[in-house]
Amino acid sequence: MNFVSDNLAGASAPVMQAMAAANDGFAAGYGNDAWTKRVEGLFAELFEREVAVFLVTTGTAANSLALASLVHPWGAVLCHHEAHIAADECGAPEFFTGGAKIVGLPGDGCKLAPDVVADQLARMRAGAVHQVQPQLLSITQATECGLVYRPEEIAALKQAIAPRGLKLHMDGARFANAVAALGCSPAEITWKAGVDVLSFGGTKNGAFAAEAVIVFDSADAGQMPWRRKRAGHTLSKGRLIGAQFEGLLADGHWLDLARHANAMAARLASAVEAAGKLRLAWACEANEVFLVLPQQAQAALAAQGIQYIAWSDAALPEHGRLQQGEVVGRFVCSFATQAEEVDRLAAVLATL
Ligand SMILES: Cc1ncc(COP(=O)(O)O)c(C=O)c1O
Ligand SMILES: C[C@@H](O)[C@H](N)C(=O)O
């Protein structure tokens, strides 16, 4: 059984069918194909406004190109110190921005609070030629610890950066899971809350390799066509990504997939809490469950061949610090996770 990552699932059947259907005949290249054009319209409908859409194949590309379009080489990107852009993209944001500084901030569950952001900004002197200039705040939705920002929390972060004119980026690798968890509209947790640019994740949701940079103000999108091309993400057969998103977005399929993943995670979290043997490191709010695993639990899982990632504990609150030998286990559910797998995992953890 595999709870390592939603990246490890394949693509959903409707996405595969959409890709197969897009294979027929000839099509314009480099994003000028019919599938990509239709998807641009679908995103405008989804976000209830005109949007600029740039399809790429990885989340790292989506994040790095979004940042590069809005941050100067002498700029600074504020984010959580355990954010994917800070900890898991091998310096791609720094590379594509031409050297902008990633400034990591603390926060329980990888969530940023407005006062922490404001305090950091107060320490960065505007216009000081000896200092990098803060130009963008990046938040991850759902966070790297599986928590979800509510619309009002996003708006409060926007309010904290507004006096210094920072842009607000959302790493939405698990955006679908957050929307499904909140039951809100995509607009409510993006542009209506102050988000300027979104990395809309399709890959973890149920596509094979489909990510979209969604820019809510066309004035912020001017550099993207060239930056995407230089990054090697303007596909000659752009229908490859367009068809995936068409399959994903059709009839709300993307949200159905996310709801299932979230339901599987909730099933696991409830079973663990009912058994009373283990504690959650953070609340289960989307499609991930983070458990504090003593050595006995680690051994039992290994014996059963149940795979997960031992996750960083750096975002744990002081009172939740690990004891000797404990690790935080990250268990990720996807659209492909079956209830029987969850129940078997829960049974192993209940017999500790
Ligand atoms: C929160 C988050 N953002 C961005 C990414 C980057 O995606 P990719 O691995 O496709 O570059 C990931 C990982 O898959 C992620 O977990
Ligand atoms: C790199 C690893 O963290 C990946 N983004 C995942 O969430 O599984």
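What you see is a predicted model, and the numbers here were worked out from it, not measured in a lab. (Residues numbered from 1 in each chain as written. Chains lettered and ligands numbered in written order. Predicted model: local features only at pLDDT ≥ 70, side-chain atom pairs only at ≥ 80, totals over all residues. Heavy atoms only, no water.)

Novice: Please explain the site of ligand 1 as it appears in this structure.
Specialist: Residues in close proximity to ligand 1 total 13 residues, the closest being Asn7, Gly59, Thr60, Asp171 and Lys204. At 3.1 Å, a side-chain N or O of Asn7 approaches an oxygen atom of ligand 1. One of the side-chain nitrogen or oxygen atoms of Lys204 is found 2.7 Å away from an oxygen atom of ligand 1. For ligand 1, the accessible surface in isolation is 380 Å², of which the surrounding protein chains cover 83%. Here ligand 1 occupies the largest pocket. Looking at the shell around ligand 1 element by element, the count peaks at three residues for helix α3 (residues 59-70). Split by residue class, the shell around ligand 1 holds one nonpolar, seven polar and five charged. (Near = heavy atom within 4 Å. Polar contact = N/O pair within 3.5 Å; in protein donor to acceptor, adjacent residues only side chain to side chain. Areas by Shrake-Rupley, 256 points an atom, 1.4 Å probe, with all protein chains shown as cover. 1 Å grid on protein atoms, 1.4 Å probe; cavity = no way out; pocket = protein on both sides within 12 Å on 5 of 7 lines; lining within 4 Å. Sits in = over half its atoms within 2 Å of the grid points. Helix = DSSP H or I, 4+ residues; strand = E, 2+ residues; numbered from the N terminus. Nonpolar A, V, L, I, M, F, W, Y, C, P; charged D, E, K, R; others polar.)

Novice: How should empty space enclosed by the protein be read in this particular structure?
Specialist: By rolling a water-sized probe across the atoms, one finds the places where empty space is left. Taken as a whole and assessed by the stated rule, the structure comprises three cavities of 30 Å³ or more. Of the pockets and cavities examined, the largest cavity occupies roughly 50 Å³. What lines the largest cavity is simply Tyr30, Gly31, Thr36, Leu55, Arg228, His233, Thr234, Leu235, Gly238 and Ile241. The class makeup of the residues in the lining of the largest cavity is four nonpolar, five polar and one charged. (Points joined across faces, edges and corners; volume = space filled by probe spheres on them.)

Novice: Would you explain the layout of surface pockets in this entry?
Specialist: Considering only enclosed or pocket space, the largest pocket measures out at about 390 Å³ in volume. In terms of lining, the largest pocket is formed by 22 residues, of which the most central are Asn7, His84, Ala173, Arg174 and Lys204. Top element by residues in the lining of the largest pocket is α3. It accounts for three residues. Here the residues of the lining of the largest pocket sort into four nonpolar, ten polar and eight charged. The calculated volume of the second largest pocket comes to roughly 160 Å³. Take the lining of the second largest pocket: its biggest share by element is three residues, from helix α10 (residues 239-249). Taken together, the residues of the lining of the second largest pocket sort by class into four nonpolar, one polar and two charged.

Novice: Whenever I open this one, the nonpolar core confuses me. Can you help?
Specialist: Side chains of nonpolar character tend, in soluble globular proteins, to be buried together. One finds Phe43, Phe200, Ile214 and Phe245 to be the most contacted residues of the largest nonpolar core, which totals 56 residues. When residues of this core are assigned to their parent elements, the largest contribution, five residues, is made by helix α8 (residues 175-182). Discounting chain neighbours no more than four positions away, the residues touching Phe245 are Val39, Phe43, Leu55, Phe200, Gly202, Ala210, Glu211 and Ala212. (Core = buried A, V, L, I, M, F, W, Y, C linked by side-chain atoms within 4.5 Å. Buried < 20%, exposed > 50% of the residue type's maximum accessible area, 1.4 Å probe, protein only. Contact = heavy atoms within 4.5 Å.)

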